[in-house]
Amino acid sequence: MGKLQSKQKRNISRYRIDGHAGHSSSTQNVQQYSPAHNDAVTSITSLTSEQCVSGGKDKTVVIYNWKSGGVQQKFLGHERDVTKVTCIFQSNRIFSASRDKTALMWDVKGKDGPLQEFTGHELGVTGLAVSPGDFQLCTGSRDNSLRIWDVQTGICLQKSSISRNLVTHICWIPTESLVIQTSEDKMIRIWDVRELQVTHTFPMKQYIQTHCDTSPDGRYCITCSNGFGGEGCEATLWDLRQAKLKVCEYKGHLQSTAACIFLPSGTSSFPLVATSAHDCTVRIWNRDTAVCVGSLCLDGAGTLTSLVSSDAASLLCGSFNTGIHCLQLTHWNGCSLREVARF
């Protein structure tokens, strides 16, 4: 990892995007809170405007108040690394997936172990999405399968497998009975969860697809790729309406892009997306023009595994080496990112 970081520092100017982007590094003026995890953070999501849920290689799921700085709940139950966490915003239930081949459901205020266990996958669970109504759970695994579960009973309602479909991420399209799924076979698939059938496959990408997200209105999705030396490493915007065409690509990261998200409307005069990568950088992009309008290098953080927009002006970023970083997004001469806290 050290060699890769050194190469990134020498060559990063070659990949800087034209426009008003300002590439900056985190400073020493950062509030240090007590850590959420004692190992790499693998996944993060928002529970409320002040609380996030995270999972880590330490096998724990944590609810953390990132504004006041402190662990509010820590859940123990997985036997191996937690790979994904998800929840409906302001819900009383959260979900986690693990390399131990299971997914678990937790009560936000409970202390008596998981409410429900979802077992059946033959390999680690690497994709996790809950339906908008919080009634069904979709899981994906390195065993090439997707499963749909009844949240209340834990019963598997549907199962479907596709050869070489090593699932990397799943997200639910708002207001639809559809999920989007990325895979190590470089494919991006849309599934109808009612019969768990593939309804659309996007053109194959050149590199493994690592993550996906959908816009709040369900019109677009964004996916991202692994890569190295600036080859691959891009995020791609897709139009989910009738034609389902590629809109644009966001290029600039030097190493694999691990996460890509849509930012809330109202944060800027134009729509924004954000990406984080193995090259220790977070980048903010104009969604429609693909111009990088801001970036931040988190020196020493290692792989930036996950991103979530916690409110209109804040981003939370999970990392391998330095926990969770709270970033402040401001709009002056483009967009500016500043690290304000870590935990």
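Keep in mind that this is a model prediction, so the values were computed, not measured.

Enquirer: Teacher, can you tell me more about the pairing of strand S4 (residues 51-56) here?
Expert: Note on strand geometry: in a regular strand, side chains alternate between the two faces of the sheet. For S4, the buried fraction is high: six of the six residues fall into the buried class. Neither face of S4 is exposed, since Gln51, Val53 and Gly55 on one face and Cys52, Ser54 and Gly56 on the opposite face are all buried. Counting the residues in the hairpin turn of strand S3 (residues 41-46) and S4 gives four residues. Direction of pairing for S4 relative to strand S5 (residues 60-65): antiparallel, over a ladder of five bridges. The residue of S5 that forms the bridge with Val53 is Ile63.

Enquirer: What's the story with the side chain of Thr223 in this structure? I'm lost.
Expert: Structurally, the position occupied by Thr223 is in strand S20 (residues 220-225). Judged by its relative accessible area of 0%, Thr223 falls in the buried class. In this structure the side chain of Thr223 is engaged in a polar contact, spanning 3.1 Å, whose partner is the side chain of Trp238. Not counting chain neighbours up to four residues away, the residues in contact with Thr223 comprise Thr182, Ile188, Gln209, His211, Cys212, Glu234, Ala235, Thr236, Trp238 and Cys260.

Enquirer: How do you make sense of the environment of Ser310 when you look at a structure like this?
Expert: Relative to the elements of secondary structure, Ser310 occurs in strand S29 (residues 304-311). You can call Ser310 buried: its relative accessible area is 6%. For the pair formed by Ser310 and Asp217, sequence separation is 93 residues and the distance between their alpha carbons is 18 Å. Setting aside its immediate chain neighbours within four residues, Ser310 contacts Ser46, Ser49, Trp66, Leu315 and Leu316.

Enquirer: It is not clear to me how the side chain of Gln181 should be interpreted in this structure. Could you clarify?
Expert: The topology assignment puts Gln181 in strand S16 (residues 178-183). Reaching out from Gln181, the side chain makes a polar contact with the side chain of Asn165 at a distance of 2.6 Å.

Enquirer: I tried to follow the pattern of salt bridges on my own but got confused; where do I start?
Expert: Side chains carrying opposite charge are able to pair once their charged atoms draw close together. Under the counting rule described, the total for this entry stands at 13 salt bridges. With its nearest N and O atoms 2.9 Å apart, the salt bridge here joins Arg342 to Glu339. No difference in accessibility class separates Arg342 from Glu339, as the two residues are buried. Residues joined by salt bridges that share partners form a network here, namely Lys205, Glu234, Lys246, Glu249 and Lys251.

Conventions adopted
- Residues numbered from 1 in each chain as written.
- Predicted model: local features only at pLDDT ≥ 70, side-chain atom pairs only at ≥ 80, totals over all residues.
- Heavy atoms only, no water.
- Buried < 20%, exposed > 50% of the residue type's maximum accessible area, 1.4 Å probe, protein only.
- Helix = DSSP H or I, 4+ residues; strand = E, 2+ residues; numbered from the N terminus.
- Pairing = 2+ DSSP bridges.
- Polar contact = N/O pair within 3.5 Å; in protein donor to acceptor, adjacent residues only side chain to side chain.
- Contact = heavy atoms within 4.5 Å.
- Salt bridge = Lys/Arg side-chain N within 4 Å of Asp/Glu carboxyl O.

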